[in-house]
Amino acid sequence: MTAIDTRNLKRDSLFFMAGLRREGAAEAERVKIRNLSDGGMMVESTAMLRSGERVMVELRNIGSVMGKIAWTQGSRVGVAFEEPINASLARTQLVGEQSEAPRYARPAVAPRNADWNIRRV
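Residues numbered from 1 in each chain as written. Predicted model: local features only at pLDDT ≥ 70, side-chain atom pairs only at ≥ 80, totals over all residues. Heavy atoms only, no water.

Draft legend 1. Examining the overall build of the protein chain more closely. A tally of regular secondary structure across the protein chain gives one helix and six strands. The secondary structure elements of the protein chain, listed N-terminal to C-terminal, are β-β-β-β-β-β-α. Within the protein chain, buried positions represent 31% of all 121 residues. Look at the contacts in the protein chain between residues 6 or more apart in sequence, and 48% of them connect residues 24 or more apart. When the accessible surface of the protein chain is summed, it comes to about 8,800 Å², and 50% of that surface belongs to carbon and sulfur atoms. (Helix = DSSP H or I, 4+ residues; strand = E, 2+ residues; numbered from the N terminus. Buried < 20%, exposed > 50% of the residue type's maximum accessible area, 1.4 Å probe, protein only. Contact = heavy atoms within 4.5 Å. Areas by Shrake-Rupley, 256 points an atom, 1.4 Å probe, with all protein chains shown as cover.)

Following this line, the structure appears as structure tokens:
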């Protein structure tokens, strides 16, 4: 198996949870996906993962994806996928899940009130 160099692929920063299972493990561990590209991803994990270890990650709207741990740095881990994916599929559900943006993502704009005096500069 030839390693895929994913460092030059376009990646988007994002944040969502996924299940990551080591090869041979019975259960998946919850990880935070920090960025995702067609060839790999960076996750935060409390598990002690090692470079070269094979893993399977369950990505929403995509399914099970096999990969290898490419690097580790503290709790951050790089995973190179064995086969390219369409990373945009993992993000498509985010748009339609809510009728409006969550409160923390809305602009801090006060509603207009007829009693307010607008000062012209």
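Past the structure itself, the notes keep going.
Draft legend 2. Structural detail: the packing of aromatic side chains. For the coordinates displayed, the defined rule picks out zero aromatic pairs. The ring of F16 has R60 lying over it, and the distance from NZ or CZ to the ring centre is 4.4 Å. (Phe/Tyr/Trp six-rings, centres within 6.5 Å; stacked < 30°, edge-to-face > 60°. Lys NZ or Arg CZ within 6 Å of the ring centre and 35° of its normal.)

Draft legend 3. Just the pattern of salt bridges, in detail. One pass over the structure, following the stated rule, counts six salt bridges. A salt bridge links E44 to R34, with the shortest nitrogen-to-oxygen separation between them at 2.9 Å. Here R34 lies in strand β2 (residues 29-37) and E44 lies in strand β3 (residues 40-44), a separation of 10 residues in the sequence. Residue classification places E44 among the buried residues on the basis of a relative accessible area of 17%. Between E44 and R76 there is a salt bridge; the shortest N-O distance is 3.1 Å. Within this pair, whereas E44 is found in strand β3, its partner R76 is found in strand β6 (residues 76-81), the two being separated by 32 residues in sequence. Judged by relative accessible area, R76 falls into the partly exposed class, the value being 35%. Connected through shared salt-bridge partners, R22, E29 and E53 make up one network. (Salt bridge = Lys/Arg side-chain N within 4 Å of Asp/Glu carboxyl O.)

Draft legend 4. Representation of the pairing of strand β4 (residues 54-59) in the model. Two strands pair when backbone bridges link them, and β4 and strand β5 (residues 63-73) are joined in this way by six bridges, in the antiparallel orientation. In the strand pairing of β5, E58 is matched with S64. (Pairing = 2+ DSSP bridges.)

Read these as spatial facts, not as claims about activity.
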